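# Structure assessment
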Amino acid sequence: MTLIMKSATIRRSKVKELSAEVVDSNPYSRLMALQRMGIVENYEKIRDFSVAIVGIGGVGSVAAEMLTRCGIGRLLLYDYDTVELANMNRLFFRPDQVGMTKTDAAVQTLSDINPDVVLESYSLNITTVKGFDTFIESLKRKSAEEGRSSGVDLVLSCVDNYEARMVVNQACNELNQTWMESGVSEDAVSGHIQLLVPGETACFACAPPLVVASGVDERTLKREGVCAASLPTTMGVVAGLLVQNSLKYLLKFGQVSPYLGYNSLKDYFPAMEMKPNPQCSNSACLQRQKEYIQAKPARDALAKAKLDAESSSEAECPLHMDNEWHISVVDDSEAESSNIGKKPDALPDGLVHELPNADKYQEPPASGETSAITDDLEELQRQLDALNSS
Amino acid sequence: MEGWDPSTKSALTQIPLLTTRAGPRDGGPWTQRLKEEYRALIAYTSMNKSNDNDWFRISAANPEGTRWEGTCWYVHNLRRYEFQLQFDIPVTYPATAPEIELPQLDGKTHKMYRGGKICLTVHFKPLWAKNCPRFGIAHALCLGLAPWLAAEVPILVDSGMVKHKDDEATSAES
Ligand SMILES: [Zn+2]
């Protein structure tokens, strides 16, 4: 009992710089070992990165804990919900945090785990006009020092619905902000992660969203009396895949996956990549696509210079880059070639579109009929009010 | 329209379609869209009244028309059960539908997401996506809320989770 009481009050102080010294008291020794082993070139750079996590639920909270333990520089946390007992089948939150906002409860736990991380808590709904403005402003806040339109290095979407994903997509397209999408199916047995680089890859509105087919027939799925199921395992796996991809992207090691699915019933991991849709309904996406095409000559020159530099130091190429175990069922070259020469909507096995495309629709020419009805907004409001009070 | 009952289908086809693709951050085009929303709501409400199937009241709660509040009701065993109704127009509207909330029922049924947002059928979102931007608030109420009330209110009442307001008053007195 005294031991438990005592351990609850121990707090480590902040560190000035990450040390590679292998002693019991150094929280970063095993992480800095990645650098010594040659996996990561400069692990200390992790302290320079800011990551925004939208949705602090079963995936987002675990992703936040992983990044905190990795020593990320700054975390911005967004959610409008409070902790409930019904969340206890998932990881991270504790029963004594019931009633707290998820973002405040997360800050409480994360600041105990690692006081070096700068934590920002935003308890708001990003889908409303007001919430969205605050969301955008908070992402931009440190942009001046970075010289970019956004003040964060990566946005992680860990929300549980299509509406909120579309809002993250909107914000990231407007800010030209690279982000990663994650999701777990409502039947809790499959999930996915996806990298979205505005203008370069498909945005979330470019094509109907993808889901990993669980193989369970939708018609046999019993939905009476339930909305969604959840498992800490599937969510933990997806959070792990998401943060692994984030670390590879930020610290520049290994290959960053453009899309990775997870079917837990078959332990199948479909991979693919998607090009942007020139007819995307999102105007900010079209603007980013245009900029990406305009920047092609500069990009080519940079790639050529890098290639030349690499060929002169061939012997120093990074280790462990080959996948000798062939864990991924579809390797990248296969995923790429499978998308060439097929219809643009051809998908790898095991992936399906969750929603249909909007029907082709021509705006009808303005007819005399519509002008007969009033075009005055206040008059229309009065008409509805009259109906409402009768 | 597979998976929808005949009365929902017939009501849906009579609600005027919208044409302007604009959300609450789009300025002038949003005002145009708002006019179309009113026309559709006026037509749907009038239709319900003339069919003796009046079942909701809704009006904008702010001048921008981004927040809507009202009530909806459902008659079960000849008794009327009424609930507060509210939703915000999302910034990505009309690509995404408004998430309809019944705050008084939050926590009383599994067919609800956090915050009292109703859990729609698997048929709703595909139909909304297919018809973007032609469906508006009136269509969301017709396709989303009406079938939800018809399916869930009887269960909530029969299980005792929801009490009629007359019964609540007597039990409070005793
Ligand atoms: Zn797009």
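Residues numbered from 1 in each chain as written. Chains lettered and ligands numbered in written order. Predicted model: local features only at pLDDT ≥ 70, side-chain atom pairs only at ≥ 80, totals over all residues. Heavy atoms only, no water.

### Looking at the overall build of chain A
Applied cut-off: The helix and strand labels rest on DSSP assignments: H or I over at least four residues marks a helix, E over at least two residues marks a strand, and numbering proceeds from the N terminus. Only protein chains enter the accessibility calculation, which uses a 1.4 Å probe; a residue is then buried when its area is under 20% of its type maximum, exposed when over 50%, and partly exposed in between. Contact between two residues is taken to exist if any of their heavy atoms lie within 4.5 Å; hydrogens are not considered. For the area figures, the Shrake-Rupley method with a 1.4 Å probe applies, and any residue is considered shielded solely by the protein chains shown.
Along its length, chain A carries 13 helices and nine strands. Residues classed as buried in chain A amount to 43% of the 390 residues present. Sequence separation of 24 or more characterises 65% of the internal contacts of chain A that already satisfy a separation of 6 or more. Of the accessible surface of chain A, which amounts to about 21,500 Å², a share of 55% is contributed by carbon and sulfur atoms.

### Side note on the sheet that holds strand β3 (residues 118-123) of chain A
Residues and elements named next belong to chain A. We apply this condition: Strands are treated as partners if at least two bridges between them are detected by DSSP. Between N-to-C directions, angles span 0 to 180 degrees; the directions come from axes that are lines fitted to C-alpha atoms, helices contributing only their stretch in contact.
Across the sheet, seven strands lie side by side as β3-β2-β1-β4-β5-β6-β8; this open sheet has mixed pairing. Here the strands that pair on one side only, and so sit at the sheet edges, are β3 and β8 (259-263). On average, each strand axis in the sheet is tilted by 10° relative to the strand beside it, whichever way the strands run. Alignment of strand β1 (residues 50-54) against strand β4 (residues 154-157), held across four bridges, turns out to be parallel. Of the residues in β4, the one forming a bridge with V51 is L154. With respect to the sheet, helix α3 (residues 60-70) is in contact with β1, β2 (74-79) and β4, its orientation differing from that of β1 by roughly 165°. Set on the sheet, helix α8 (residues 232-251) makes contact with β1, β4, β5 (179-184), β6 (190-196) and β8; between it and β5 the angle comes to about 170°.

### Focus on the packing of aromatic side chains
The criterion, for reference: The pairing test for Phe, Tyr and Trp rings, Trp by its six-membered ring, is centres within 6.5 Å, and the orientation test on the planes gives stacked under 30 degrees, edge-to-face over 60, and tilted for anything in between. The criterion for a charge sitting over a ring is simple: Lys NZ or Arg CZ within 6 Å of the ring centre, and within 35 degrees of the ring normal.
All told, the structure shown has 13 aromatic pairs over all chains when counted by the stated rule. Seen from their ring centres, Y38 of chain B and W68 of chain B are 5.6 Å apart, and the 50° between their planes marks the pair as tilted. Placement of the pair is Y38 of chain B in helix α2 (residues 28-50) and W68 of chain B in strand β2 (residues 67-76), with a sequence separation of 30 residues. The pair Y38 of chain B / W68 of chain B is uniform in exposure class, with both members buried. Ring geometry for W55 of chain B versus F56 of chain B: centroids 4.8 Å apart, planes at 70°, classification edge-to-face. There is no split in this pair, since W55 of chain B and F56 of chain B are both buried. The cationic tip of R299 of chain A hangs over the ring face of Y292 of chain A; the distance from NZ or CZ to the ring centre is 3.5 Å. Sitting above the plane of the W73 of chain B ring, R80 of chain B keeps its charged end 4.0 Å from the centroid.

### Regarding the coordination of the zinc ion
All names here are of chain A. For clarity, the threshold we go by: Any N, O or S atom lying within 2.8 Å of the metal counts as a donor, and for Na, K and Ca the limit rises to 3.2 Å; water is left out, so some sites can look incomplete. For a four-donor site, all angles between 85 and 135 degrees give tetrahedral; for four or six donors, opposite pairs above 155 degrees with the remaining angles between 65 and 115 give square planar or octahedral; all remaining cases count as irregular.
Around the zinc ion, the protein supplies C203 (SG), C206 (SG), C280 (SG) and C285 (SG) as donor atoms, at distances of 2.3 to 2.4 Å. Every donor counted, the four donor atoms about the zinc ion form angles of 105 to 114° at the centre, which fits tetrahedral coordination. Read in sequence order, the donor residues coordinating the zinc ion give the pattern C-x2-C-x73-C-x4-C. Of this pair, C203 sits in the loop between β6 and β7 (210-212) while C285 is found in helix α9 (residues 283-294), placing the two residues 82 residues apart along the sequence.

### Considering the pairing of strand β3 (residues 79-88) of chain B
Residues and elements named next belong to chain B. Note that β2 and β3 share 10 bridges and pair antiparallel. Across the sheet, the residue bridging to R67 is D88, located in β3. Between β2 and β3, which pair antiparallel one after the other, the connecting turn spans two residues, and N77 there sits at a positive phi close to 50°.

### Quick notes on the UniProt feature "active site" (unreviewed entry) in chain B
Defined as follows: UniProt positions are given in the numbering used here, feature names are shortened, and annotations may be inferred rather than shown by experiment.
Those places that UniProt annotates as "active site" (unreviewed entry) correspond, in this numbering, to C119 of chain B. For C119 of chain B, the position within the fold is in the loop between β5 (117-118) and α3 (124-130). For C119 of chain B, a relative accessible area of 7% puts it in the buried group. Excluding residues within four positions of it along the chain, C119 of chain B makes contact with C227 of chain A together with K111, M112, Y113 and W148 of chain B.

### Focus: the environment of Y80 of chain A
Note the threshold: Two N or O atoms form a polar contact when they lie within 3.5 Å of each other; inside protein one atom must be a possible hydrogen donor and the other a possible acceptor, and for residues adjacent in sequence the pair counts only when both atoms belong to side chains.
Looking at the secondary structure, you find Y80 of chain A in the loop between β2 and α4 (102-113). Taking relative accessible area as the criterion, Y80 of chain A reaches 30% and is therefore assigned partly exposed. As for Y80 of chain A and T101 of chain A, which are separated by 21 residues in sequence, their C-alpha atoms are 7.3 Å apart. With sequence-adjacent residues up to four places away left out, Y80 of chain A is seen in contact with S123, L124 and N125 of chain A together with R114 and K117 of chain B. At 3.0 Å, the side chain of Y80 of chain A and the side chain of K117 of chain B are in polar contact.

### Considering the interface of chain B and chain A
Cut-off, in case you're wondering: Buried area is calculated as the accessible area (1.4 Å probe) missing from two parts once they are joined, with the contributions of both summed. A side-chain nitrogen of Lys or Arg and a carboxyl oxygen of Asp or Glu constitute a salt bridge if their distance falls within 4 Å.
Tallying the contact residues gives 43 residues for chain B and 45 residues for chain A. Where chain B abuts chain A, roughly 4,000 Å² becomes buried across the two surfaces, and 59% of that area is made up of carbon and sulfur atoms. The largest per-residue losses of area from chain B upon contact with chain A belong to R25, Y38 and R114 of chain B, which jointly make up 17% of the total buried on that side. Our count for the chain B to chain A interface comes out at six salt bridges. One salt bridge in this structure joins D359 of chain A and K130 of chain B, with 3.2 Å as the shortest N-O distance. For the pair chain B and chain A, the interface holds 14 residue pairs in polar contact (both at pLDDT 80 or more).

### Digging into the nonpolar core
The tendency in soluble globular proteins is for nonpolar side chains to be buried side by side. What counts, and what does not: Residues grouped as a nonpolar core are buried Ala, Val, Leu, Ile, Met, Phe, Trp, Tyr and Cys residues, joined through side-chain atoms within 4.5 Å.
Membership of the largest hydrophobic core comes to 51 residues, with the highest contact counts inside it found for Y44, L102, L141 and L145 of chain B. Elements with a contribution of two residues or more to this core: α13 (377-389) of chain A together with α1 (6-14), α2, β1 (56-60), β2, β3, α3 and α4 (137-158) of chain B. For this core, the element with the most residues is α4 of chain B, which contributes 12 residues. In contact with L102 of chain B, other than residues within four places in its own chain, are C72, Q84, L85, M112, G116, I118, L145, W148 and L149 of chain B. Counting 46 residues, the second-largest nonpolar core is a separate cluster that includes F49, I53, I72 and V197 of chain A.

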